[in-house]
Amino acid sequence: MMNDERWLLPTGIEEVLPARAAELERLRRCLLDLFRSWGYELVIPPFIDYLESLLTGTGRDLDLQTFKLTDQLSGRLLGVRADMTPQVARIDAHHLRREIPTRLCYLGTILHTRTDGFAGTRSPLQIGAEIYGHDGPESDVEVLRLLVRTLETAGIESPYLDLGHVGVYRGLIQQAGLSRADELRLFDALQRKASAEIDAIITETGVAGPVGTMLLSLVELNGEDALSRASTMLRAADPQVLGALDRLQRVADELRRWLPDLPVHFDLAELRGYTYKTGVVFAAFAPGWGLEIARGGRYDDIGRVFGRARPAVGFSSDLKGLIALSAQAAAAEVAPAAVMAPWDADPELQPIVERLRAEGRQVLYELPDQRGVPSDYNCCERLAKIDGVWQLVPDVAA
């Protein structure tokens, strides 16, 4: 590599400079305090882990997103985490082993092999919260309420939610008797809402009339009234499908009680995390932004490989992306001007410096022969000894 290219970073990998780092730290503290006030306990999974642990549950969808390397100590294959949910599930199932509902939260850097998030980064600062051990719609709604509060705390104005349920599509596939290969072909076309392609697959596989019609109708079942239309369009579905629609309706009704002004849309063709999600799925969006800014859902089987398949529901987002979209980012709190102190070990000066720092002020010592004036260091005041007393005075050069 040429010397003049050493400053370049890999695509999707970025440095966070002081002003943005301060915004991230401010929001990090606010959100972790928010989660704690709701009873969510912070856990810190390792950045690198055995590959089979990372590719458990959600991990199968993350195989292509995971960087892999060989452990020089054990010879086993390691991975750099691309999502913390499997690791948090292990903590709940293997380490905590509680019988009561457990609320856990996390925040840390993850790494992706390719860029696909709304912030355009391969190193998101993932933040999330999860409930283990409760299977009712109430825990779905609690997670959704916390998600909305998270966005509000980040300064995201007027977010809206998309809700779906993977059980609708999964049940129709079983009713149709499709093979795994045809199921995935149809799934791919459904995600693109390619009606003609869906119709062709249904015809090609010989799916019977009513079931084929219901599968094709999933493309149309989106919007605020999608659930009411689904009750008519999917009335011939098997009990599994009808049960999924009922669960989704119960979540929507409960959510409306808590957040009556929150815009909620339904999309029965939206199947985020289809291969591991087991129930309600959701995503949050911001007006004028086409990509989801947070996602989540129910994944009740994720802890099975660790010995305990407890019910689980949660959400995650990228702290970097939230900062980028935040209406408050441009108007973030400006730190008070700093104070310049002389390089002086006077014991009468040190308590004053510590008091100012304890009050939240920045105090910088003026290093001998340093360049620049105090204003270059955001200092508009200085500590000076006047008549034998250390005093805080305006800096004349500021």
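The preceding data block contains the structure.
Residues numbered from 1 in each chain as written. Predicted model: local features only at pLDDT ≥ 70, side-chain atom pairs only at ≥ 80, totals over all residues. Heavy atoms only, no water.

**Details of the overall build of the chain**
- Broken down by element type, the chain carries 12 helices and 16 strands.
- For the chain, the C-alpha atoms occupy an extent of roughly 95 × 55 × 45 Å along the three principal directions.
- Split into buried and exposed, the 398 residues of the chain put 49% on the buried side.
- Taking as baseline every contact in the chain between residues at least 6 positions apart, the subset at least 24 positions apart corresponds to 68%.
- By element, 54% of the accessible surface of the chain is carried by carbon and sulfur atoms, the whole surface being about 19900 Å². (Helix = DSSP H or I, 4+ residues; strand = E, 2+ residues; numbered from the N terminus. Buried < 20%, exposed > 50% of the residue type's maximum accessible area, 1.4 Å probe, protein only. Contact = heavy atoms within 4.5 Å. Areas by Shrake-Rupley, 256 points an atom, 1.4 Å probe, with all protein chains shown as cover.)

**A short note on the pattern of salt bridges**
- Counting across every chain of the model gives 31 salt bridges.
- Taking the shortest distance from any N to any O, the salt bridge between E254 and R257 comes out at 2.9 Å. One end of the pair, E254, and the other, R257, are both in helix α10 (residues 239–258), three residues apart, so they sit about a helical turn from each other.
- On the accessibility criterion, E254 (18% relative accessible area) is buried.
- For R257, a relative accessible area of 62% corresponds to the exposed category.
- Residues R382 and E366 are paired through a salt bridge, measuring 3.7 Å at the closest nitrogen-oxygen approach. Linking R382 in strand β15 (residues 379–386) with E366 in strand β14 (residues 363–366), this pair joins segments that are 16 residues apart in sequence. (Salt bridge = Lys/Arg side-chain N within 4 Å of Asp/Glu carboxyl O.)

**Regarding the packing of aromatic side chains**
- Evaluated as defined, the whole model comprises four aromatic pairs.
- Taken together, a centroid distance of 6.2 Å and an interplanar angle of 85 degrees make the contact between F35 and F315 edge-to-face. Within this pair, whereas F35 is found in helix α1 (residues 18–37), its partner F315 is found in strand β12 (residues 312–318), the two being separated by 280 residues in sequence. Considered together, F35 and F315 belong to a single accessibility category, that of buried residues.
- Ring centres of W343 and Y365 lie 6.0 Å apart, and the angle between their planes is 80 degrees; this geometry places the pair in the edge-to-face category. With W343 in the loop between β13 (338–342) and α12 (350–358) and Y365 in strand β14, this pair connects stretches of sequence that are 22 residues apart.
- Residue placement shows R76 over the ring face of Y50; its charged tip is 3.6 Å from the ring centre. (Phe/Tyr/Trp six-rings, centres within 6.5 Å; stacked < 30°, edge-to-face > 60°. Lys NZ or Arg CZ within 6 Å of the ring centre and 35° of its normal.)

**As for the pairing of strand β16 (residues 389–394)**
- Where β15 meets β16, six bridges bridge the pair, whose relative direction is antiparallel. Along β16, the bridge assignment pairs A384 with Q391. (Pairing = 2+ DSSP bridges.)

**Let's talk about the environment of A208**
- Position of A208 relative to the elements: it lies in the loop between α7 (195–205) and α8 (209–217).
- By relative accessible area, which is 48% here, A208 ends up partly exposed.
- Between the C-alpha atoms of A208 and S231, which are 23 residues apart in sequence, the distance is 20 Å.

**Things to note about the sheet that holds β12**
- Strand order across the open sheet formed by nine strands is β1-β5-β6-β12-β11-β10-β7-β9-β8, with mixed pairing between neighbours. Each end of this open sheet is capped by a strand with a single partner; those strands are β1 (41–42) and β8 (222–223).
- Looking at chain direction, β8 and strand β9 (residues 264–267) are connected through two bridges and run antiparallel. Among the inter-strand pairings, N222 is bridged to a residue of β9, identified as D267.
- Across the sheet, helix α5 (residues 166–176) touches β7 (160–165) and β10 (280–285), and the angle it forms with β7 is around 25 degrees. (Axes fitted to C-alpha atoms, helices over the stretch in contact; angles between N-to-C directions.)

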